[in-house]
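Okay, here's what each chain looks like letter by letter:
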Amino acid sequence: MSKRKLKMGMIGGGPGSFIGAIHRIAANLDGQIELVAGAFSSDPSKSKQAGEELFLSPNRVYRSYDEMFEKEKALPEGERIDFVSIVTPNHVHFDPAMKALDNGFHLVLDKPMTLTLDEAKLLHAKINETGKLFCLTHTYTGYPMVKQAKQLIAKGELGKIRQVYVEYPQGWLSEMLESEDNKQASWRTDPAKSGKAGAMGDIGTHAFNLAEYITGLKITKLCADINIQVEGRQLDDDGNVLLKFDNGASGVLIATQTATGAENNINIRVFGEKGGLEWQQEDANSLIIRNHNQPDHILRAGSPYLDDFAQANTRTPAGHPEGYLEAFANLYRNFARNLQAQLSGQQVEKAWKDFPGADDGLRGMAFVHHVIESGKSNQKWTDFTV
């Protein structure tokens, strides 16, 4: 592996950004990555303020991402940034992502991939064309017990999968927060910044990704009921989706931001011919296994009986809670290990290659497109195409 830390440049994540701070903590957790540059806001004064608060060199805090790409590319190899992390609202994903790749930088991108499906197709093609390493931060795939669930299903422990139920309930948008100058609510409920979906784009994509990741199946059809529960809101804040998978399994996906009092308990239940499993974020260290005519049993994170992917993404001894920040950091660590290996010409362990990529991003944007179109249509089922 390389004998130096990877150098990261960040786009977005300035004052008032929630997700920017999460990305920086996650990237820093394992000591493999150093934030050295950034264009943290479309307002140069706010970008400067962020750079000062992060103790960055003033000459590497940029007024725009175009300036960052130009000046960083001119630096000697080993001094310039190795990759870019984009943590902006959805409408500022595509342009900086394409330019980062064109300028030779690897890329970490917050989900969803882009503003539109057409943009996602172009970005997907650009990633394949350049060969640059790409990570899309679908956080929940980083949890050890989510990886354990995936491996159990892949080994056939549940038999043929029959049903998949996944839900993401939130309640923070139960009121019209976008009318109260709430930055996080304002852009997420604005079609110009969020895209054609609200809740389905923001958290529905996480539920969709989790269902396909854990089961290894692909959704082929869907039938959506999309709602706006808060009067005056422009984008969906609630929805229910019937699913059909490529092995014949059925499913239900629920994503709502108006479940008053709910926080972030994304959860999934999968049932097969031999048994079932259940995982929820509010008890993330536990994976419930259900078998026919037998008592349920619970697998716990940090235990020696877990499979290799779960072990490779476990950080603390059994009984110590691992949560959102650690799961997020697992994505950055796996990305960093792959990039270090690429730079040094070495190989990486199979478990380290397990993080969301360009195909996941493209399918996520196809989900957004089809789920909203289905919600507008009187047709029962919509084919899921990419």
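As shown above, the structure is provided for reference.
Cut-off values and rules
Residues numbered from 1 in each chain as written. Predicted model: local features only at pLDDT ≥ 70, side-chain atom pairs only at ≥ 80, totals over all residues. Heavy atoms only, no water. Helix = DSSP H or I, 4+ residues; strand = E, 2+ residues; numbered from the N terminus. Contact = heavy atoms within 4.5 Å. Pairing = 2+ DSSP bridges. Axes fitted to C-alpha atoms, helices over the stretch in contact; angles between N-to-C directions. 1 Å grid on protein atoms, 1.4 Å probe; cavity = no way out; pocket = protein on both sides within 12 Å on 5 of 7 lines; lining within 4 Å. Points joined across faces, edges and corners; volume = space filled by probe spheres on them. Nonpolar A, V, L, I, M, F, W, Y, C, P; charged D, E, K, R; others polar. Phe/Tyr/Trp six-rings, centres within 6.5 Å; stacked < 30°, edge-to-face > 60°. Buried < 20%, exposed > 50% of the residue type's maximum accessible area, 1.4 Å probe, protein only. Parallel < 35°, antiparallel > 145°, perpendicular 65-115°, else oblique. Left-handed = near helix turned anticlockwise from the far one by under 90°. Core = buried A, V, L, I, M, F, W, Y, C linked by side-chain atoms within 4.5 Å.

Engineer: Explain the side chain of Asn 267 residue by residue, including any values.
Structural biologist: The residue Asn 267 is located in strand E10 (residues 267–272) in this model. Residue contacts for Asn 267: discarding those within four places in its chain leaves Tyr 165, Val 166, Glu 167, Pro 169, Trp 279 and Gln 280.

Engineer: If you had to explain unusual backbone geometry to someone new, which residues and values would you point to?
Structural biologist: Here the residue pair Lys 111 and Pro 112 is connected by a cis peptide bond, since its omega of -10° sits within 30 degrees of zero. Among the structural elements, Pro 112 can be located in the loop between strand E4 (106–109) and helix H5 (117–130). For Phe 55, which is not glycine, the phi dihedral falls at a positive 60°. With respect to the helices and strands, the residue Phe 55 is situated in the loop between helix H2 (44–53) and helix H3 (65–74). The residue Asp 181 is not glycine, and still its phi comes out positive at about 60°. Mapped onto the elements, Asp 181 comes out in the loop between strand E6 (161–169) and helix H7 (183–188).

Engineer: Residue-level account of the sheet that holds strand E14 (residues 382–383), with values.
Structural biologist: In space, the nine strands of this open sheet follow the order E13-E12-E11-E10-E6-E9-E8-E7-E14, with mixed pairing throughout. The sheet terminates laterally at strand E13 (297–300) and E14, the two strands that pair on one side only. The sheet strands contacting helix H6 (residues 144–154) are E6, E10, strand E11 (275–280), strand E12 (286–291) and E13, and the helix crosses E12 at an angle near 30°. The strands that helix H9 (residues 199–215) touches are E6, strand E7 (219–227), strand E8 (238–245), strand E9 (250–256), E10 and E11; relative to E9, the one it contacts most, it runs at about 150°.

Engineer: Which residues make up the layout of surface pockets, and what are the values?
Structural biologist: Here the largest pocket is characterised by a volume of approximately 1100 Å³. Around the largest pocket, the lining is made up of 50 residues, and of these Ile 19, Pro 89, Gln 184, Trp 187 and Arg 188 lie nearest the centre. Within the residue set of the lining of the largest pocket, elements represented by two or more residues are helix H1 (18–28), H7, helix H8 (191–194), H9 and helix H11 (324–344). Examining the composition of the lining of the largest pocket, we find that five residues originate from one element, H7, more than from any other. When the residues that make up the lining of the largest pocket are grouped by side-chain class, the tally is 19 nonpolar, 21 polar and ten charged. Here the second largest pocket defines a volume of roughly 260 Å³. What lines the second largest pocket is a set of 16 residues, and nearest its centre among them are Glu 77, Arg 80, Ile 81, Asp 82 and Leu 343.

Engineer: Pulling in residues and values, what's your account of the packing of aromatic side chains?
Structural biologist: The final tally for this structure, using the stated rule, is 13 aromatic pairs. Measuring from centroid to centroid gives 6.1 Å for Tyr 65 and Phe 69, while their planes differ by 55°, and the two rings are tilted. Taken together, the residues span about one helical turn, with Tyr 65 and Phe 69 both in helix H3 at a distance of four residues. By relative accessible area, Tyr 65 is classed as buried at 19%. Ring centres 6.2 Å apart and planes at 75° place the aromatic pair Phe 335 and Phe 355 in the edge-to-face group. Note that Phe 335 is positioned in helix H11 and Phe 355 in the loop between H11 and helix H12 (358–376), a separation of 20 residues in sequence. For Phe 335, a relative accessible area of 0% translates into the label buried.

Engineer: Residue-level account of the packing of H9 against H12, with values.
Structural biologist: For any two helices packed against each other, the geometry comes down to the angle between their axes and how far apart the axes lie. Contact geometry for H9 and H12: axes closest at 9 Å, N-to-C directions at 120°. As judged from the angle between their axes, H9 and H12 are oblique. Crossing hand, H9 versus H12: right-handed. Contacts from Met 200, Gly 201, Gly 204, Thr 205, Phe 208, Asn 209 and Glu 212 of H9 reach H12 at Asp 360, Arg 363, Gly 364, Phe 367, Val 368 and Val 371.

Engineer: I'd like to hear about the nonpolar core, residue by residue, with values.
Structural biologist: Note that soluble globular proteins tend to have their nonpolar side chains buried in a common cluster. By size, the foremost hydrophobic cluster in this structure holds 79 residues, and its most contacted members are Val 84, Met 113, Leu 253 and Trp 279. Other than its neighbours up to four places away in sequence, Val 84 contacts Gly 9, Ile 11, Met 68, Phe 69, Ala 100, Phe 105, His 106, Leu 107 and Val 108. Judged by nonpolar contacts, the second largest core, of 26 residues, contains Ala 26, Leu 56, Val 61 and Leu 331.

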